[in-house]
Every structure is written in C-alpha cells, then in structure tokens.
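Examining the three-dimensional arrangement
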Amino acid sequence: DQQVKQNSPSLSVQEGRISILNCDYTNSMFDYFLWYKKYPAEGPTFLISISSIKDKNEDGRFTVFLNKSAKHLSLHIVPSQPGDSAVYFCAAPRDDKIIFGKGTRLHILP
Amino acid sequence: DTAVSQTPKYLVTQMGNDKSIKCEQNLGHDTMYWYKQDSKKFLKIMFSYNNKELIINETVPNRFSPKSPDKAHLNLHINSLELGDSAVYFCASSPGVYSNQPQHFGDGTRLSIL
C-alpha cells in the first residue's frame, strides 16, 4: 500500500531551467512532509520540509508547494544546477515512522 | 568526522551465513533507525531505537536482530541469510522520536547474497 507516490521515475531538465518534482499521497492524516536528496553510494540527506498548515515553504533555490485538497506536493528547484542531479525522495511521517516514496531521478543536462 | 557511519560499505556472502552491520552516530541523537532499500528502490523502516530501547519493529523476520549497546550505536545482526536479504541497508538517526524531525543517514551497506 503506497501511501506516498512519486510516479515519475526520472526527469531531465536543462541547466538553468526550473525542475519540478511531484509527489502524491493517499493518507489525509499526514501533517508534515519532507524531501530528501540522494547521491549514488551515499545516504539520503534532508533538503526541505513543509507542515500541512502551510501551502508553501522556500529555502534558497528550493520551494515546496502543498495542495492538501489534491493530496499533492511538489518540489521546485530554480535555477537547476549540475549538482542537483540526484534522486529525490518525498516522505511523510506516520506513527513515529517515515513513509518514503520511491524517488525520482533528476538529471540536469548541460 | 562523519555524522552517521556504518560498516562495512559492501558485504558479499553466501546464503545461510550470519553477518553483522555496525552503525555509529556522533550527533548526540537519541533515536536510531535501520532501513532497507530493496531492488524496487523503496526505503522501508525496519527498526527504531530510542535511548537503547526498541520502539519500532516493522514486521521484520526474527532472523534480523538489532542491538543497541548505547544510544550512539545500533548494530544489525542477520542470521541464516537468504537471497531476498540482498539490498542496501541504511542506518539513520534523529534527535528524538518525533518523526517530523529530519533524519541523518549513513551511506548504506550493500549486502549481496550469493
């Protein structure tokens, strides 16, 4: 039962353009969401989070948008840089655990 | 000065063997976790310990036994390894049990069963 879904396994974006990574969830009880970034052969690292009482959170080039009625969130990266090439995981806490999506691999093209 | 370190990074062994993976964190966190990332790339929680006490055991076979000698260490021992145990295992830590606190991950141990 996938409660956190990332339906795009991969995404390619030109350097300098905007990258938009999407995430859908099924559990309306989720009240907090996190995005993690993962490079090959490394562990995931925390990137940005958002509480369900907000619809937007911004940190530098990274902005997360939350649409509760659609049970959808998205991570925007602008401008995209080569170092942004990684796998991005959407995650939501539930019962002292974190439920992770399957990840989206972002390729930034030169 | 790695925050969460796990050893070994790679582990290749035969079916039926017993192996251990070690994890240490120097962040002063109270809570530590073990995750499994399988071939389908899902990251799934296996265990969670808070101050050396088990708080989450996510229906993992009892061949897997975590041990926390102190709050900075959480080791994972696996008995009678099976082919399906091949995966990347990640250790993580967080300040406390509240799961909206970002977790810090180790770099993973890739376990391959021959």
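Residues numbered from 1 in each chain as written. Chains lettered and ligands numbered in written order. Predicted model: local features only at pLDDT ≥ 70, side-chain atom pairs only at ≥ 80, totals over all residues. Heavy atoms only, no water.

Remarks on the overall build of chain B
Counting its secondary structure elements, chain B contains zero helices and 11 strands. Ordered by position from the N terminus, the helices and strands of chain B form the series β-β-β-β-β-β-β-β-β-β-β. In terms of overall dimensions, chain B is globule-like: its C-alpha atoms have a radius of gyration of 13 Å, near the 13 Å expected for 114 residues. Taking all 114 residues of chain B together, the buried fraction comes to 44%. In chain B, of all internal contacts separated by at least 6 residues, the share reaching a separation of at least 24 is 54%. Computed over 12 positive and 11 negative side-chain charges, the separation of the two mean positions in chain B equals 6 Å. (Helix = DSSP H or I, 4+ residues; strand = E, 2+ residues; numbered from the N terminus. Rg over C-alpha atoms; globule rule 2.2 N^0.38 Å. Buried < 20%, exposed > 50% of the residue type's maximum accessible area, 1.4 Å probe, protein only. Contact = heavy atoms within 4.5 Å. Lys, Arg positive; Asp, Glu negative; His and termini not counted. Charge placed at Lys NZ, Arg CZ, Asp CG, Glu CD.)

What to know about the pattern of salt bridges
Here the structure, examined in full by the defined rule, presents seven salt bridges over all chains. Ionic pairing is found between arginine 61 of chain A and aspartate 84 of chain A, a salt bridge with its closest N-O pair at 2.8 Å. One end of the pair, arginine 61 of chain A, is in the loop between strand S6 (56-59) and strand S7 (62-67); the other, aspartate 84 of chain A, is in the loop between strand S8 (72-77) and strand S9 (86-94), with 23 residues separating them in the sequence. Across the pair glutamate 82 of chain B and arginine 63 of chain B runs a salt bridge, and its minimum N-O distance is 3.5 Å. Here glutamate 82 of chain B is found in the loop between strand S8 (75-78) and strand S9 (87-94), whereas its partner arginine 63 of chain B is found in the loop between strand S6 (53-57) and strand S7 (64-67), with 19 residues between them in sequence. On the accessibility criterion, glutamate 82 of chain B (41% relative accessible area) is partly exposed. (Salt bridge = Lys/Arg side-chain N within 4 Å of Asp/Glu carboxyl O.)

Regarding the sheet that holds strand S3 (residues 19-25) of chain A
Residue and element names in this part refer to chain A. Read across the open sheet, the five strands follow the order S1-S3-S8-S7-S6; overall the sheet is antiparallel. The open sheet has two edge strands with one neighbour each: strand S1 (4-5) and S6. Sheet analysis places S3 next to S8, joined by six bridges and oriented antiparallel. Residue asparagine 22 lies in a different strand from S8, and its bridge partner there is serine 74. (Pairing = 2+ DSSP bridges.)

A word on the layout of surface pockets
Approximately 550 Å³ is the volume found for the largest pocket. If you trace the largest pocket, you find 31 residues lining it, with Lys38 of chain A together with Gln37, Lys41, Val88 and Arg110 of chain B closest to the centre. Elements that contribute at least two residues to the lining of the largest pocket include exactly S9 and strand S11 (104-109) of chain A together with S9 and strand S11 (109-113) of chain B. It is S11 of chain B that contributes the most residues to the lining of the largest pocket, four residues altogether. Residue composition of the lining of the largest pocket, by class: 11 nonpolar, 11 polar and nine charged. (1 Å grid on protein atoms, 1.4 Å probe; cavity = no way out; pocket = protein on both sides within 12 Å on 5 of 7 lines; lining within 4 Å. Points joined across faces, edges and corners; volume = space filled by probe spheres on them. Nonpolar A, V, L, I, M, F, W, Y, C, P; charged D, E, K, R; others polar.)

Considering a nonpolar patch on the surface
Taken together, the side chains of Ile18, Ile20 and Val78 of chain A make up a nonpolar region of the molecular surface, amounting to roughly 220 Å² of accessible area. The residue isoleucine 18 of chain A is located in the loop between strand S2 (10-14) and S3 in this model. (Patch = residues over 30% accessible without salt bridge, like charges linked within 9 Å, V, L, I, M, F, W, Y side chains within 5 Å. Areas by Shrake-Rupley, 256 points an atom, 1.4 Å probe, with all protein chains shown as cover.)

In short, geometric facts, not functional conclusions.
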